[in-house]
Each structure stands twice: as structure tokens, then as C-alpha cells.
Amino acid sequence: MQLFYNKSLTTNDTEIRFSKEESRHIVKVLRKSVGDPLQITNGKGWLFVAKISLADVKNCIAIIESSTLQSKRDYQIHLAVAPTKMNDRYEWFLEKATEIGVDSITPIFCDNSERRVIKPERFKKIVQSAMKQSLHFYLPKLNDAVPFKDFISQDFKGQQFIAHCEDTHRTSLKQALKTNTDVTILIGPEGDFSTKEIELAFQNNFDPVVLGKTRLRTETAAVIACHSVIYSNEL
């Protein structure tokens, strides 16, 4: 199954016109022709099944034949992750977390952050591509980057965790997770959260957790945290 993405598609639409880039991919790369079926999502849970009516490399058109709303999980996963020093590592995290099933992502700038400039448009493309590749129908929400202190003061639903490296009492994330419950998890930069940030997290009802016996890179920790939530809910 090859899944395409068009955020503007609604159940009222009867046809879809693909961009020049997508048209070329459909007709020249995938070698699709008139009458061939296509699957498209708008990232809001809908799967549209369409049939090609015009197989043009510059302007491919398909007639929408059906639309089905895919079921959504009973819980949401929100990862707040500090940008990594090497940008490609954060992009790897975005891709893998999307494949696994994250619902929303917020880049957070921390006291020890070495990177304070990101490329949100590139990040969005990576998330969109990973959604299509993994056949998800809900596009994860990529929030604007914010300072840690601004993020932590928001109201959150469900469980709240901070994964840090300080040698203090921490509970295993695996043991702390509740099923079918929204969860927000904080993952710090290469230099970890500062002591001040950890204390601020505690004051805002974030519980300290550990993700394993070894020290993990930021992007690895974020992916493991995401997978742990999914895995715990599938047992």
C-alpha cells in the first residue's frame, strides 16, 4: 500500500489533483495509469480511496470513490524533546517516533541546550513522510519550539514524566505507566536538564523516571519512551 497525503482533503471532495512532484512520482516512478487505485489521507484520520482519471506526469487527477474514518487510540503521547546538537539526530527521532505512533512533539530549549535554532518546515516534511511510510492516518502535531520554563507551566492531561540523569530516586517508566491514559514525557539535551529545571518539573507535577540501566542519547531516549508507552498499552 502506497499512502499519499493531502491536508486539505475533506469528505465533500469528489476528486483530487496532485502536485507536479506527486504527479511525477505516481505516473513515472510508480508507473500508475488510468483506473489504478490510490490511497490518500488528510492526516486527520480519514482514508480516501480514489481511482486515477488522468495519468499526467505534471497534473495527475483521481476520482474519490470512498472515505473511511480510522479509529483513534484512547490515549495520546506527547513528547517534549530538546533539540540535539547534531540536527540529523533530531530528524531521526522525528521519523522514528512518528513511525511508532507519537501524537504530538514539542521542541524545548533548556539551560544546557547547545542548539537553539531549528528548521520547523523541514521537520514537518520529515513527519509527513514518516506518517505516509508507516501507514498512519493521523499526522502528529509538531508544536512551536518553546523555552523549558514556558512549556512546563502549561496544563497537561494524564500522566507527566521527566526522564533525567541525576542520581536521585527515579521510577522505571515501564512500571509507572497506566494504560489508556494520556502521557507527556520530557527528554532533555545532551547535557541533561539542569537541577533548576528538574526542580521546576517536580513543582509542576512531573514525576522522575528512568528509561533503562544505561545512559542514552537524547534521540534514543525519546524513541524508547515513545515505544514504551505503545508497548505498555498493547500488552
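Keep in mind that this is a model prediction, so the values were computed, not measured.

## Side note on helix α2 (residues 87-100)
Then, number 1: For α2, which comprises 14 residues, the first-to-last C-alpha distance of 20 Å matches the rise-based estimate of 20 Å (1.5 Å per residue) to within 8%.
Then, number 2: Buried residues in α2 make contact with β6 (77-81), β7 (104-109), α3 (120-133), β8 (141-142) and α7 (218-234).
Then, number 3: One or two residues past the end of α2 sits Gly101, with phi positive at roughly 135°.

## Some points on the pairing of strand β3 (residues 37-41)
Successive side chains on a regular strand alternate, one facing one side of the sheet and the next facing the other.
Then, number 1: The buried count for β3 comes to 4 of 5 residues, which makes it a mostly enclosed element.
Then, number 2: Both strand β1 (residues 3-5) and β3 contribute to a ladder of 3 bridges, which runs parallel. Across the sheet, the residue bridging to Tyr5 is Thr41, located in β3.
Then, number 3: Joining the antiparallel neighbours β3 and strand β4 (residues 46-54) is a turn of 4 residues, in which Gly43 adopts a positive phi near 75°.

## Looking at the sheet that holds strand β5 (residues 61-69)
Then, number 1: Overall, mixed pairing links the 5 strands, which are arranged β1-β3-β4-β5-β2 in an open sheet. Edge positions in the sheet fall to β1 and β2 (15-17), since each has one partner strand and no second. Looking at each pair of strands side by side, their axes are set apart by 40° on average, direction ignored.
Then, number 2: In the packing of helix α1 (residues 20-29) onto the sheet, the strands contacted are β1, β3 and β4, and the crossing angle to β1 comes to about 165°.
Then, number 3: Across the sheet, α3 touches β1 and β3, and the angle it forms with β1 is around 150°.

## Section: the packing of aromatic side chains
Then, number 1: For the coordinates displayed, the defined rule picks out 7 aromatic pairs.
Then, number 2: With a centroid separation of 6.4 Å and an interplanar angle of 35°, the aromatic rings of Trp46 and Phe48 are classed as tilted.
Then, number 3: Residue classification places Trp46 among the partly exposed positions, given a relative accessible area of 25%.
Then, number 4: For Phe48, a relative accessible area of 1% puts it in the buried group.
Then, number 5: Ring plane angle 45° and centroid distance 5.0 Å describe the contact between Phe151 and Phe156, whose orientation is recorded as tilted. Pair check on accessibility: Phe151 and Phe156 agree, each one buried.

## Regarding the pattern of salt bridges
Then, number 1: Summed over the entire model, instances satisfying the criterion amount to 11 salt bridges.
Then, number 2: For Lys157, the salt bridge goes to Asp182, with nearest N and O atoms at 3.7 Å. A residue pair is termed long-range when its members are at least 10 positions apart, and Lys157 in the loop between α4 (148-152) and β10 (159-163) and Asp182 in the loop between α5 (173-176) and β12 (183-187) qualify at 25 residues.
Then, number 3: Of the residues examined, Lys157 reaches a relative accessible area of 63% and is grouped as exposed.
Then, number 4: One network of salt bridges, with partners in common, ties together Glu95, Lys96 and Glu99.

## Looking at the environment of Val34
Then, number 1: Its place among the elements puts Val34 in the loop between α1 and β3.
Then, number 2: Put simply, Val34 and Lys51 are 17 residues apart on the chain and 7.5 Å apart in space, counted from C-alpha to C-alpha.
Then, number 3: Filtering out sequence-adjacent residues up to four positions away, Val34 remains in contact with Ile52, Ser53, Leu54 and Ala55.

## Overview of the nonpolar core
Then, number 1: Residues Ile77, Leu79, Phe93, Leu94, Phe161, Ile185 and Ile187 are the most contacted members of the largest nonpolar core, which totals 32 residues.
Then, number 2: Looking at this core, the elements that each hand over two or more residues are β6, α2, β7, α3, β10, α5, β12 and α7.
Then, number 3: Of all the elements, α7 adds the most residues to this core, at 7 residues.
Then, number 4: Non-local contacts of Phe93, meaning those with residues more than four positions away in its chain, are made with Leu79, Val81, Ile105, Glu219, Ala222 and Val223.

## Observations regarding the pairing of β4
Then, number 1: In this sheet, β4 lies alongside β3 in antiparallel orientation, the contact comprising 5 bridges. Looking at the pairing, Leu38 lines up with Ala50 of β4.
Then, number 2: As defined by bridge partners, β4 adjoins β5 across 8 bridges and the pair is classed as antiparallel. Across the sheet, Val49 pairs through a bridge with Ser66, a residue of β5.
Then, number 3: With antiparallel pairing between neighbouring strands as the criterion, β4 and β5 make up a hairpin whose turn holds 6 residues.

Parameters at a glance
- Residues numbered from 1 in each chain as written.
- Predicted model: local features only at pLDDT ≥ 70, side-chain atom pairs only at ≥ 80, totals over all residues.
- Heavy atoms only, no water.
- Helix = DSSP H or I, 4+ residues; strand = E, 2+ residues; numbered from the N terminus.
- Expected span 1.5 Å × (residues − 1).
- Contact = heavy atoms within 4.5 Å.
- Buried < 20%, exposed > 50% of the residue type's maximum accessible area, 1.4 Å probe, protein only.
- Pairing = 2+ DSSP bridges.
- Axes fitted to C-alpha atoms, helices over the stretch in contact; angles between N-to-C directions.
- Phe/Tyr/Trp six-rings, centres within 6.5 Å; stacked < 30°, edge-to-face > 60°.
- Salt bridge = Lys/Arg side-chain N within 4 Å of Asp/Glu carboxyl O.
- Core = buried A, V, L, I, M, F, W, Y, C linked by side-chain atoms within 4.5 Å.

None of the figures reported here should be taken as evidence of function without further support.
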